[in-house]
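# Structure assessment
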Amino acid sequence: MRIPPVLLKTLVTVVVATIAYVTTNLINQDQNKLWQLAVSIVIGGATLIVQYMVDFERRLASVETGQQAYARDVADRLAGHHREMRTLVDRRFTDISEATELFDTLDHSMLRLDGVTRLARSASRVSSLGPGLVSAFAREEIDRLASVMENLTTMSADCLGENHDWLMDLTKCTTGTMDATSSFVERDYWDSEPALRYLQAQADAIAQRGVKVRRLFIVQEGVDPALLRLCEEQRNMGIDTRVVALSELPPNVRRGTTNDFVIFDETLCYEVEPDLLHVNAKTTLNAREDHLRQRVKRFRELWDVGLSDT
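Residues numbered from 1 in each chain as written. Predicted model: local features only at pLDDT ≥ 70, side-chain atom pairs only at ≥ 80, totals over all residues. Heavy atoms only, no water.

Right, let's get into the overall build of the protein. A tally of helices and strands in the protein yields 9 helices and 7 strands. Buried residues in the protein amount to 29% of all 310 residues. Long-range contacts, defined as pairs at least 24 residues apart, comprise 69% of the intrachain contacts of the protein with a sequence gap of at least 6. Split by element, the accessible area of the protein, about 20,800 Å² in all, is 60% carbon and sulfur. (Helix = DSSP H or I, 4+ residues; strand = E, 2+ residues; numbered from the N terminus. Buried < 20%, exposed > 50% of the residue type's maximum accessible area, 1.4 Å probe, protein only. Contact = heavy atoms within 4.5 Å. Areas by Shrake-Rupley, 256 points an atom, 1.4 Å probe, with all protein chains shown as cover.)

This is the structure we're talking about:
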């Protein structure tokens, strides 16, 4: 059973005082009993003081050890915090440097800086909404746009299906010419809502910026009344139209490509590739010089043999 420290000290003091009293009594039995008692009390008191001093020393050593351990722990934490703060500051300065370099590059480029700034601010506001469908959709859109920009650095980009947004944006950006082919695959397209918006964008380009638009309709053989009416409608909008029948082409012209494409300002070609079911399966943007040269040449070949008075 553990004895309480105070009781133990008291017992030790009493034992020592008793031993001192007995010892003094044995050494000199003629002395006054009061003197022997005083000596015993002094020795007992000294013993008690020594015990407290030893206990104090032990506690002081324990406190010093604890303080040293605490100081080492605080120093380690401060060193770790310093490293983390230094890493964070370095990373932030790196981010700031990259952002400054990016905006400096954009400032000297042909891109609109206000549009990039608006995109960054809007993206940060959307991300502040927290996780959810809206934020996930925003991330997907940003990734898609980033992929298009990265692909355009190689002067080419593509996507699955037909991208009407690309077609509309390119029409709005055109300042000189639009040379387009439209095959039998697209005959039903011209009655759709996207086609109406596309034709209106072309009419605006003709009226507002003086863009010259030429469209060549490609059919397998013969010309039906519906196609004649379509040509007339587009001519009334300022679009120069012609029709070419593949069956009537000279062999050297017939062997070329007949997929649908639009050449904007003779700088970029928008192409649609149909699958075996005549469904537009892929859209490609191509601004490579050799490819553009081939497409421009092919359009001129077909245009020259096309019929304008149908």
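From this point, the discussion proceeds with the structure in view.
It is worth spelling out the sheet that holds strand β3 (residues 212-219) at this point. Overall, mixed pairing links the 7 strands, which are arranged β1-β7-β6-β5-β2-β3-β4 in an open sheet. Each end of this open sheet is capped by a strand with a single partner; those strands are β1 (156-160) and β4 (240-245). If you compare each strand with its neighbour and ignore which way they point, the axes differ by 15 degrees on average. Strand direction decides the pairing type here: strand β2 (residues 177-182) and strand β5 (residues 261-264), joined by 3 bridges, are antiparallel. Bridge pairing in β5 places M178 opposite F264. (Pairing = 2+ DSSP bridges. Axes fitted to C-alpha atoms, helices over the stretch in contact; angles between N-to-C directions.)

Ranked by internal contacts, the top residues of the largest apolar core, which has 33 residues, are W190, Y198, V262 and Y270. Take this core: its biggest share by element is 5 residues, from helix α6 (residues 193-209). Beyond its immediate chain neighbours, meaning those up to four positions away, Y198 contacts H164, L167, M168, T171, M178, Y189, W190, R215 and V262. L246, I263, C269 and L292 belong to the second largest nonpolar core, which has 14 residues in total. (Core = buried A, V, L, I, M, F, W, Y, C linked by side-chain atoms within 4.5 Å.)

Moving on, we get to the side chain of S182. Here S182 lies in strand β2. Dropping the residues within four chain positions of it, S182 is found in contact with W190, R215, L216, F217, I218 and D260.

Where helix α5 (residues 164-173) meets α6, the closest approach of the two axes is 9 Å, and the angle between their N-to-C directions is 10 degrees. Taken together, the axis directions place α5 and α6 in an arrangement best described as roughly parallel. Taking contact as the criterion, the partners of H164, L167, M168, T171, K172 and C173 in α5 are, on α6, P194, A195, R197, Y198, A201, Q202, A205 and R209. For the contact of α5 with α6, the per-class residue count stands at 8 nonpolar, 3 polar and 3 charged. (Parallel < 35°, antiparallel > 145°, perpendicular 65-115°, else oblique. Nonpolar A, V, L, I, M, F, W, Y, C, P; charged D, E, K, R; others polar.)

What follows covers the pattern of salt bridges. Considering all chains together, one arrives at 9 salt bridges under this definition. Note that D73 and R77 form a salt bridge whose closest N and O atoms lie 3.1 Å from each other. Here the residue D73 and the residue R77 both occupy positions in helix α2 (residues 33-107), the gap between them amounting to 4 residues, near one helical turn. Residue classification places D73 among the partly exposed residues on the basis of a relative accessible area of 33%. (Salt bridge = Lys/Arg side-chain N within 4 Å of Asp/Glu carboxyl O.)

Right, let's get into the pairing of strand β6 (residues 268-274). For a regular strand, the rule is simple: side chains alternate between the two faces of the sheet. β6 sits mainly inside the fold: 5 of its 7 residues count as buried. Note: β5 against β6, 4 bridges, orientation antiparallel. Within β6, the residue paired with F264 across the bridge is L268. Linking β5 to β6, which pair antiparallel, is a turn of 3 residues; within it D265 sits at a positive phi near 55 degrees. For β6 and strand β7 (residues 280-286), the ladder comprises 6 bridges, and the chain directions are antiparallel. Across the sheet, C269 pairs through a bridge with N286, a residue of β7.

As enumerated under the stated definition, the model contains 4 aromatic pairs in all. Relative to Y198, the ring of W190 has its centre 6.3 Å away and its plane inclined at 20 degrees; by these criteria the two rings are stacked. The residues W190 and Y198 share a single accessibility class, namely buried. For the ring pair W190 and F217, a centre distance of 6.2 Å and an interplane angle of 70 degrees mean the geometry is edge-to-face. You can see W190 sitting in the loop between β2 and α6 and its partner F217 sitting in strand β3, a full 27 residues away along the chain. Both residues of the pair, W190 and F217, belong to the buried class. (Phe/Tyr/Trp six-rings, centres within 6.5 Å; stacked < 30°, edge-to-face > 60°.)

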